[in-house]
Amino acid sequence: MQVRLPLLFLLLAPGAAYAQPQPASAHVNLYFAQIAEGQFDGGRWQTALTLVNSNPYDVAATIRLYGSDGSGLNVDFGAGLQSRHSVRVPANGSVTLASKPSSLPVRSGWAFVDASGPLMGSASFRLWLGGRAAQEVTAPPTLPVVEYVSYANRDLGVAVANPNNRTLRVQAYLYRSGGTELGPSLITLPPYGHTAFNVKDRFPQADLSDSMLLLTAADPPADEFLAWTMNADPGGTFSSLPPGGVTPPISHWDRIWNVYLRVLGSARHYGFLTGSSPRLLIRYDRQVNAYAKGGSEIGIYMGLSELLGDSDSELAFVVGHELGHILQQRAGDLRVWHPSNAEFDADIWGVLFAMTAGYDAYAIAGALSKLAMATGSAGLMTQMFEDSLPVPDAHRSFNTRMDVAYDFLTLLCATDVGRPFCQEYKRIMHPHLPDSAPLQADGLERLGFRKPSEAASMAAALRARLASAEETEQAPPDKQAQQ
Ligand SMILES: [Zn+2]
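Residues numbered from 1 in each chain as written. Predicted model: local features only at pLDDT ≥ 70, side-chain atom pairs only at ≥ 80, totals over all residues.

One finds Val-160 and Val-351 to be the most contacted residues of the largest nonpolar core, which totals 115 residues. Sort the elements by how many residues they give to this core and helix H6 (residues 342–356) lands first, with 10 residues. Shared between two domains, this core holds at least three residues of each, these being domain 1 (3–19 + 251–482) and domain 2 (27–240). Discounting residues that sit within four places of it in the chain, Val-351 has contacts with Phe-317, Ala-361, Ile-364, Ala-405, Phe-408 and Leu-409. (Core = buried A, V, L, I, M, F, W, Y, C linked by C-beta atoms within 7 Å. Buried ≥ 20, exposed ≤ 12 C-beta atoms within 10 Å, placed from the backbone. Helix = DSSP H or I, 4+ residues; strand = E, 2+ residues; numbered from the N terminus. Domains from an automatic or database assignment. Contact = placed C-beta atoms within 7 Å.)

Have a look at this one:
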């Protein structure tokens, strides 16, 4: 699953670097819409949360449990009854937290896992009857959505949770075979609240014939919600169902955090980023832009995330570009790749950071083209992805920037050390692209790039300057506070 990147080993990193393709479900924010734990007469419900880390570095995770009224839900995972649990998931390892028996009655709620890198996760619900494990069903994490669709019959189990610090309103509709529509039935939840019900509780007319349930936010996108459904039959057997979140729209806030921490984790692991992590600010203004400021802050505007909404790789390029500006800013405007143009230099960082984090190197083309289309004017387009340094001649057309990144990729793949990496990257990411794309180095020095040997010594200088740069202490990014 990992691709060697020996050129960067030679140029920049103390150890071999790899591209890191991720499992499709891995995320830094994992939401479980249902938790059930506690005793009842003759039995017990047990919840187990499993987190899997496929990254080559440890990931810290905080698990927060919420009850139906939105307050903390105390569960004993081995350290006593608590609503907040911290775990460290080792590199290429996993951790399982299974609730311990307590005398408490059955309570239900939901869980939010906030991790420093992408994790896979699952929540298992085990039914114990008379001291014997009778049944178990496993649920995947879900992201907030504004619509959710599920198979339904009258016994379907439905969980809905409110991940927002405000009242949530969701409407439920039941579509029965023959075209009858029942509803809406309004679900109102307090901040961080939760509810679980069977379809027949809200739709008494429902029967056991196949039907479809639709949950829809009353006021999208403010009413983003979490949902999960569990198939059940009258005999008491239950089973899992596929996730039914409707996209687009998607949860951009979660997506930006996932891409950001994935790029950051990779950059830090391979020694490109040292010291404190830049703050991430997600901005809801109506701008299509991103920025890096003072060596300590990266801003992503919601308009840009929406424009690149179908491609995490394009967003990864933008994050990598801004992270490149952060490196420039922290090292006194040092440009490793392109001495005379900070934007070209940041573009190269963007391509490299995206690649080493396992994203598509071609995404720069998609990101820049979409910006060209959305802004509709070359004059405006050149203002995108500004850094805050006073750099003369920093702005060129998007075509030129794409050309520059293409040429750099070509150089990377044409060197003896880069070729094996590029070939393996292509074998995994683009097996059907012709071998000629883009594998020839031509005219890079004429375009103002450093020679590879010179870039290597500049990279060493960058590392030295970053190591000696004064680090400003800052708190780790608080995702909750920005929500
Ligand atoms: Zn820039």
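To continue, consider the packing of helix H3 (residues 252–269) against helix H5 (residues 312–330). Each pair of packed helices can be summarised by the angle the axes make with each other and by the distance between the axes. The contact between H3 and H5 brings their axes to 9 Å, and the two run at 55 degrees. On the basis of the axis angle, H3 is oblique to H5. Helix-helix and strand crossings are classified by hand; for H3 and H5 the assignment is right-handed. Where H3 abuts H5, its residues Arg-255, Ile-256, Val-259, Tyr-260, Val-263 and Ala-267 lie against Asp-312, Leu-315, Ala-316, Val-319, Gly-320 and Leu-323. Here the contact of H3 with H5 is composed, by residue class, of 9 nonpolar, 1 polar and 2 charged. (Axes fitted to C-alpha atoms, helices over the stretch in contact; angles between N-to-C directions. Parallel < 35°, antiparallel > 145°, perpendicular 65-115°, else oblique. Left-handed = near helix turned anticlockwise from the far one by under 90°. Nonpolar A, V, L, I, M, F, W, Y, C, P; charged D, E, K, R; others polar.)

The subject of this paragraph is the confidence of the model for the chain. Mean pLDDT over the chain works out to 84, with 80% of the residues at or above the 70 mark. For residues 386–395, every residue scores under 50 in pLDDT, and the model assigns this stretch 17 contacts once sequence neighbours within four places are set aside. (pLDDT = per-residue confidence, 0-100.)

Moving on, we get to H3. In this model, H3 (18 residues) spans 25 Å end to end at C-alpha, consistent with the 26 Å of a helix rising 1.5 Å per residue. Buried residues dominate H3, accounting for 16 of its 18 residues. Where H3 terminates, the next one or two residues include Gly-271, which has phi positive at roughly 85 degrees. (Expected span 1.5 Å × (residues − 1).)

On to unusual backbone geometry. Here the amide bond leading from Gly-183 into Pro-184 is cis, since omega sits at 5 degrees, within 30 degrees of zero. Summarising the element assignment, Pro-184 is placed in strand E15 (residues 181–189). Cis geometry is adopted by the peptide bond preceding Pro-221, which originates at Pro-220 and carries an omega value of 0 degrees. Within the secondary structure layout, Pro-221 lies in the loop between strand E17 (211–217) and strand E18 (226–232). Not every positive phi belongs to a glycine, and Tyr-192 is a case in point at roughly 60 degrees. Mapped onto the elements of the fold, Tyr-192 is located in the loop between E15 and strand E16 (194–198).

Turning our eyes to something else, we now look at the sheet that holds E18. The antiparallel open sheet is built from 4 strands, whose spatial order is E16-E13-E18-E19. At either end of the open sheet lies a strand with only one pairing partner, and these are E16 and strand E19 (238–240). When the angles between neighbouring strand axes are averaged without regard to direction, this sheet yields 25 degrees. Two strands pair when backbone bridges link them, and E18 and E19 are joined in this way by 3 bridges, in the antiparallel orientation. Directly across from Ala-232, in E19, lies its bridge partner Phe-238. (Pairing = 2+ DSSP bridges.)

What follows covers H6. With 15 residues, H6 extends 21 Å from end C-alpha to end C-alpha; this agrees with the ideal 21 Å at 1.5 Å per step. Where burial is concerned, most of H6 is hidden: 15 out of the 15 residues are buried.

We now examine the sheet that holds strand E14 (residues 168–176). The sheet built from 4 strands is open, its strands ordered E12-E17-E14-E15 with antiparallel pairing. Each edge of the open sheet is held by one strand with a lone partner, namely strand E12 (147–152) and E15. Averaged over all pairs of adjacent strands, the angle between their axes in this sheet comes to 20 degrees, without regard to strand direction. Pairing of E14 with E17, which is carried by 7 bridges, proceeds in the antiparallel orientation. Within E17, the position partnered with Tyr-173 by the bridge is Leu-214.

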